[in-house]
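An overview of the molecular structure
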Amino acid sequence: MEIKAEVREFYDIDVEALVVAIFEGEKTDQGFLKELDERSGQLLGQIVGTEEMRGRPSDIVYLHQPGNIRSKRLLLVGAGKAANLSVDSVSRYAGTAARFLRSKGVRSMALCRRSSLDLASGAQAAVEGVLMGLFEPDQYKTSEKEERQIDRLVLVTSESGSEDIINRAISHGRIIGEAVNFARGLSNEPSCVLTPTELANRAGQTAEQFGLTIDVLDEAKMKELGMGALLGVARGSDEPCKLIVLRYTGAPPGGTSENGNLVAIVGKGITFDSGGISIKPADGMERMKYDMSGAAATLAVMRAIAQLKPPVNVVGLMPTSENMPSGHAYKPGDVLRAMSGKTIEVINTDAEGRLILADAITYARKLGATRIIDLATLTGAVSIALGSVYAAILGNDQKLVDEVRKAADAAGERIWQLPMDEPYRDLIKSDIADIKNSGGRYAGTITAAYFLREFAETTPWAHLDIAGTAWESDKKPHSAKGPTGMAIRTLIKFVCEGSRT
Ligand code: BES
Ligand code: MN
Ligand code: ZN
């Protein structure tokens, strides 16, 4: 898709459809809407404020031949209350407009700048919203595939001299939007295609394409390192597990930021979670191909920062395995010895994510990580606590947690902190080993995080549980149903702007 900024009057843009956001309670008697009302032969005034267009996020009005305006179509999209405007709402209305217009066969669209956000944030959010909005999980369809395409997007502004700022924002928005869609594509891949080996291949291609260093640890290497937790999970599967390690080196040697800082991002890469011997019910099990969404996000973040080139050093770790029942599988009651030396009693083989993350976190520390952020579709319990609206964040270092939360706010994603007070630690005490892998039904998201915390030890660490937010079960006006790419924008923001200390 061609995307560009144009400093020009809205009525003089050469595209098929012009998109204008309408805020709740807005009147057409002043400013931009007044001008649009006059040019449209008072069409706007007859619509805005009626039941058809109150400016609510679901409101949409499509007009043909809107008077004295160069584009032949005018699309009004509700944008909610102006006071609540955020990068999230901009990206949602941009995505809604793009999906709507594509469904009408429109090939070129222009978005008018209407937000009070700064120019760059608004433009970037709009581009991300359009790209994410147009994503379709129809790779395997041979009929009813979405063949229509929007191939030109114009961002319109009347502020002269702002093209450079907008073009830079467009380029960032494109990198980020494409990274998110790349991860969504991976989460959609069936587990018969995206095995741990195939995930390593895709990571290899990404590393090559964008200039990252990659190291893939195989089972022999992991045995040598004593990664008994990750290897234990993999035992039931015929597919060998891997630990994929990607590196980005952006801190200039000898420069001010060369103070030994290394951010590690660790993503859970279970390519299929059957539950293992503690097998899951059949209903909805097909969804468990997305249990590698944390790893996909890690790869997407690494891919984006390889292009954005922030002056920091980052390592991305993707422990990846299947979780399967078989005669070789690990069993409830087994004791595993993790790389850190800690012993783990397996209570439930379906609590496998924390096991593979444990060894990856230990390995990140061995690589010299000074801050660790892991992300995982870790617990069903997070959906009970926060639904599909917020992801949970927990950690051992409030400063790091706050920085990630701040990045989420700036990136337009919702994350909510859950407590990690000491008494929760009791729930994962084992009678026979150092720790057990399940604390039972109560506070499931917190006890899972507590388990990981045992392996982060003294390194500042934050954990994102994206089990409730990484998959959207309903189609939305701004987005197809399926994988969402949750937390990718947050982590890119964090690495690029919030990780200098
Ligand atoms: N991958 C699941 C978590 C999950 C559940 C993600 C539903 C998305 C939707 C994870 O491996 C798991 O099975 N967790 C168990 C832990 C329990 C056995 C302690 C869970 O949440 O039920
Ligand atoms: Mn599981
Ligand atoms: Zn899982």
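Placed above this text is the structure.
Values in this document were obtained by computation on a predicted structure and should not be read as measured data.

**So, the overall build of the chain**
A count of helical and extended segments in the chain gives 14 helices and 20 strands. Taken over the C-alpha trace, the chain has a radius of gyration of 24 Å; the compact-globule value for 501 residues is 23 Å, and the two agree within 12%. By principal-axis analysis of the C-alpha atoms, the chain measures approximately 80 × 55 × 45 Å. Looking at the chain as a whole, 58% of its 501 residues qualify as buried. Expressed as a percentage of contacts within the chain between residues at least 6 apart in sequence, the contacts between residues at least 24 apart total 77%. In the form shown here, the chain has an accessible surface area of approximately 20,300 Å², with 47% of it arising from carbon and sulfur atoms. Once the 59 positive and 65 negative side-chain charges of the chain are each reduced to a mean point, those two points are 1 Å apart.

**So, the sheet that holds strand S6 (residues 152-157)**
Strand order in this open sheet of six strands is S1-S6-S5-S2-S4-S3, and the pairing throughout is mixed. Either end of the sheet is taken by a strand with one partner, and the two such strands are strand S1 (2-7) and strand S3 (60-64). Strand after strand, the sheet turns through a mean of 20 degrees between neighbouring axes, direction not considered. Sheet analysis places S1 next to S6, joined by six bridges and oriented parallel. The residue of S6 that forms the bridge with Glu2 is Arg152. Most of the contacts of helix H3 (residues 87-103) go to strand S4 (residues 73-78), to which it runs at about 140 degrees, and overall it touches strand S2 (17-22), S3, S4 and strand S5 (108-112). In the packing of helix H5 (residues 163-188) onto the sheet, contacts are made with S1 and S6, and the angle to S1 comes to roughly 160 degrees.

**Details of unusual backbone geometry**
The backbone phi angle of Gln42 is positive, close to 60 degrees, even though this residue is not glycine. Within the element layout of this structure, Gln42 appears in the loop between helix H1 (31-39) and helix H2 (43-47). Relative accessible area serves as the criterion here: at 42%, Gln42 is assigned to the partly exposed category. Non-glycine residue Glu144 carries a positive phi angle of around 50 degrees. Structurally, the position occupied by Glu144 is in the loop between helix H4 (119-133) and S6. For Glu144, a relative accessible area of 74% puts it in the exposed group.

**Focus on the coordination of the zinc ion (ligand 3)**
Note on the zinc ion (ligand 3): its protein donors are Lys268 (NZ), Asp273 (OD), Asp291 (OD) and Glu352 (OE). The metal-donor distances range over 2.0 to 2.4 Å. Every donor counted, the six donor atoms about the zinc ion (ligand 3) form angles of 78 to 174 degrees at the centre, which fits octahedral coordination. Written as a sequence motif, the donor arrangement for the zinc ion (ligand 3) is K-x4-D-x17-D-x60-E. Between the zinc ion (ligand 3) and the manganese ion (ligand 2) the interatomic distance amounts to 3.2 Å, and Asp273 serves as a bridging ligand to the pair. Of this pair, Asp273 sits in strand S10 (residues 269-273) while Glu352 sits in the loop between strand S13 (343-345) and helix H10 (353-366), placing them 79 residues apart in sequence. Given the relative accessible area of 3%, Asp273 is considered buried. The class of Glu352 is buried, set by a relative accessible area of 0%.

**Topic: the coordination of the manganese ion (ligand 2)**
Asp273 (OD), Asp350 (O), Asp350 (OD) and Glu352 (OE) make up the full set of protein donors to the manganese ion (ligand 2), lying at 2.0 to 2.2 Å. One can describe the donor arrangement at the manganese ion (ligand 2) as irregular, given that its six donor atoms subtend angles of 70 to 168 degrees at the metal.

**Some thoughts on the packing of aromatic side chains**
Counted under the stated rule, the structure contains six aromatic pairs. For the ring pair Phe10 and Tyr11, a centre distance of 5.2 Å and an interplane angle of 80 degrees mean the geometry is edge-to-face. Residue classification places Phe10 among the buried residues on the basis of a relative accessible area of 5%. Overall, Tyr11 belongs to the partly exposed group, its relative accessible area being 23%. Taken together, a centroid distance of 5.3 Å and an interplanar angle of 75 degrees make the contact between Tyr390 and Trp416 edge-to-face. With Tyr390 in the loop between helix H11 (381-386) and strand S15 (391-395) and Trp416 in strand S16 (residues 415-417), this residue pair connects regions lying 26 residues apart in the sequence. Trp416 gets classed as partly exposed once you look at its relative accessible area, which sits at 46%. In textbook terms, an aromatic cluster arises when at least three aromatic residues are bridged by ring pairs, as seen for Phe10, Tyr11 and Phe32. Positioned above the aromatic ring of Tyr11, the side-chain terminus of Arg39 is 3.5 Å from the ring centre.

Calculation rules
- Residues numbered from 1 in each chain as written.
- Chains lettered and ligands numbered in written order.
- Predicted model: local features only at pLDDT ≥ 70, side-chain atom pairs only at ≥ 80, totals over all residues.
- Heavy atoms only, no water.
- Helix = DSSP H or I, 4+ residues; strand = E, 2+ residues; numbered from the N terminus.
- Rg over C-alpha atoms; globule rule 2.2 N^0.38 Å.
- Buried < 20%, exposed > 50% of the residue type's maximum accessible area, 1.4 Å probe, protein only.
- Contact = heavy atoms within 4.5 Å.
- Areas by Shrake-Rupley, 256 points an atom, 1.4 Å probe, with all protein chains shown as cover.
- Lys, Arg positive; Asp, Glu negative; His and termini not counted.
- Charge placed at Lys NZ, Arg CZ, Asp CG, Glu CD.
- Pairing = 2+ DSSP bridges.
- Axes fitted to C-alpha atoms, helices over the stretch in contact; angles between N-to-C directions.
- Donors = N, O, S within 2.8 Å, 3.2 Å for Na, K, Ca; no water.
- Tetrahedral: all angles 85-135°; square planar, octahedral: opposite > 155°, others 65-115°.
- Phe/Tyr/Trp six-rings, centres within 6.5 Å; stacked < 30°, edge-to-face > 60°.
- Lys NZ or Arg CZ within 6 Å of the ring centre and 35° of its normal.

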